[in-house]
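# Descriptive analysis of the structure
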Amino acid sequence: MRTEMATSTGASGGFKDRLSYLFVLSRPRFWLYLAGPVLVGVAAAATDLSDLYAPVTLALVAYFLVPANVFLYGVNDVFDVDVDAANPKKDDREARWRGDPVNLAVVVGSGVLGVGLFALTPQVAWPWLAAHFFLAVEYSAPPFRFKTTPFLDSISNGLYILPGVAAYATVAGVNPPVLAILGAWLWTMGMHTFSAIPDIEPDREAGIRTTATLLGARWTYAYCAVTWGLAAAAFALVDLRLGGLLAVYPLFVFGVARTGVAVDRAYWWFPLLNTVVGMLITFGALWSIVNG
């Protein structure tokens, strides 16, 4: 870890400044990328409304809403300090790493806190939780640093749906359908690669190799359309309504590519799109519980 981490940005001033910095570091716009799959997984697995507010359910939602994001993006920022120096997203919407010991302790502590979930959840959920934490670290950190290897960077982003798989397994006592896991994993692959398009030039300047830098913007759009199309097909085999809902993603990327909307602008629309889709899936599952 380079000593320059603590220089250009400096250590935090007071408590409010540090809290504000950690809030920005956790990417609040993307909190539901981890917590959303948990909500969907719980709703899909629940057979009674009491499952929704069981202590283990609340613990999973609470952890993956905030601490897990502090950990995931903190690890990312620690090992991306050199790359982020030239990344324009860090100028306003995100934060550059402040490498003082307290911030590092908060990031590490957020990861350690997640270990407690193994004591609350059944063994069927443990492989999914373990895989999430492994990928959350190794996506950014050596020795694997998946984010710098084309296609592995995309595949490793299945880490975002693993909390939802663990939540489903916790509530249901069994794993979700394989096709649902496959469809969700393909969805995250498309999401990650689309989000990497605005970073193509900064990543190339920094010598970072990603799926997007390898393919270029035009073929990355095509890659996203294919992965999202396959995700919709996989979900359609589970439930046609799910497949129809997920079909909005390949249509979206086609629309962005055809209309010439700036991709760095479209990228920031995704939290809203994902929230709406996630809400519809969750409400559909809840409707089945109430009227089952």
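Residues numbered from 1 in each chain as written. Predicted model: local features only at pLDDT ≥ 70, side-chain atom pairs only at ≥ 80, totals over all residues. Heavy atoms only, no water.

Below, the discussion takes up the layout of surface pockets. Rolled over the atoms, a probe with the dimensions of a water molecule shows which regions are left empty. As a volume, the largest pocket reaches approximately 1200 Å³. If you trace the largest pocket, you find 46 residues lining it, with Val40, Gly41, Leu242, Ile281 and Thr282 closest to the centre. Secondary-structure elements contributing two or more residues to the lining of the largest pocket are helix H2 (32-45), helix H10 (162-172), helix H11 (178-195), helix H13 (211-238), helix H14 (240-246) and helix H17 (270-290). A per-element tally of the lining of the largest pocket places H17 first, with 14 residues. Within the lining of the largest pocket, the residues separate by chemical class into 34 nonpolar, nine polar and three charged. Counted as a void, the second largest pocket has a volume near 160 Å³. In terms of lining residues, the second largest pocket is bounded by Arg218, Trp219, Tyr221, Ala222, Ala225, Pro250, Val253, Phe254 and Ala257. Those elements that place two or more of their residues in the lining of the second largest pocket are H13 and helix H15 (248-259). In terms of residue count, H13 provides more of the lining of the second largest pocket than any other element does, five residues in total. For the lining of the second largest pocket, a count of residues per class yields eight nonpolar, no polar and one charged. (1 Å grid on protein atoms, 1.4 Å probe; cavity = no way out; pocket = protein on both sides within 12 Å on 5 of 7 lines; lining within 4 Å. Points joined across faces, edges and corners; volume = space filled by probe spheres on them. Helix = DSSP H or I, 4+ residues; strand = E, 2+ residues; numbered from the N terminus. Nonpolar A, V, L, I, M, F, W, Y, C, P; charged D, E, K, R; others polar.)

On to H10. Of all 11 residues that make up H10, nine are buried, and the element is covered over most of its length. Of all the positions in H10, only Leu162, Pro163, Gly164, Val165, Ala166, Ala167, Tyr168, Ala169 and Thr170 are classed as buried. Looking one or two places after H10, you find Gly173, whose phi comes out positive at around 80°. (Buried < 20%, exposed > 50% of the residue type's maximum accessible area, 1.4 Å probe, protein only.)

Right, let's talk about a nonpolar patch on the surface for a bit. A contiguous nonpolar patch, built from Leu49, Tyr53, Leu58 and Val290 and spanning about 420 Å² of accessible area, is present on the exposed surface. Along the polypeptide, Leu58 turns up in helix H3 (residues 55-65). (Patch = residues over 30% accessible without salt bridge, like charges linked within 9 Å, V, L, I, M, F, W, Y side chains within 5 Å. Areas by Shrake-Rupley, 256 points an atom, 1.4 Å probe, with all protein chains shown as cover. Salt bridge = Lys/Arg side-chain N within 4 Å of Asp/Glu carboxyl O.)

Phe64, Trp187, Phe194, Trp228, Tyr249 and Phe270 are the most contacted members of the largest nonpolar core, which has 68 residues in total. Residues within four places of Tyr249 in sequence aside, it is in contact with Trp187, Met191, Trp228, Phe270, Leu273, Asn274 and Val277. (Core = buried A, V, L, I, M, F, W, Y, C linked by side-chain atoms within 4.5 Å. Contact = heavy atoms within 4.5 Å.)

Tracing the backbone shows Leu152 in helix H9 (residues 152-155). You can call Leu152 partly exposed: its relative accessible area is 38%. Put simply, Leu152 and Tyr139 are 13 residues apart on the chain and 9.0 Å apart in space, counted from C-alpha to C-alpha.

Our focus in this paragraph is the packing of helix H1 (residues 15-25) against helix H6 (residues 101-115). As a packed pair, H1 and H6 sit with axes 12 Å apart at the nearest point and diverge in direction by 45°. Looking at the two axes, H1 sits oblique to H6. The two elements H1 and H6 cross, and the hand of that crossing is right-handed. Mapping the contact onto sequence places Arg18, Tyr21 and Leu22 in H1 and Val102, Asn103 and Val106 in H6. When its residues are assigned to classes, the contact of H1 with H6 shows four nonpolar, one polar and one charged. (Axes fitted to C-alpha atoms, helices over the stretch in contact; angles between N-to-C directions. Parallel < 35°, antiparallel > 145°, perpendicular 65-115°, else oblique. Left-handed = near helix turned anticlockwise from the far one by under 90°.)

The subject of this paragraph is the pattern of salt bridges. Taken as a whole and judged by the stated rule, the model has seven salt bridges. In this structure, Arg27 engages Asp77 in a salt bridge whose closest nitrogen and oxygen atoms are separated by 2.9 Å. In this pair, Arg27 sits in the loop between H1 and H2 while Asp77 sits in helix H4 (residues 67-79), placing the two residues 50 residues apart along the sequence. For the pair formed by Arg27 and Asp77, the shared burial category is buried. In this structure, Lys147 engages Asp80 in a salt bridge whose closest nitrogen and oxygen atoms are separated by 2.4 Å. Taken together, the residues Lys147 in the loop between helix H8 (126-138) and H9 and Asp80 in the loop between H4 and helix H5 (81-84) connect sequence positions 67 residues apart. Among the residues examined, Lys147 registers a relative accessible area of 11% and is labelled buried. For Asp80, a relative accessible area of 5% gives the class buried.

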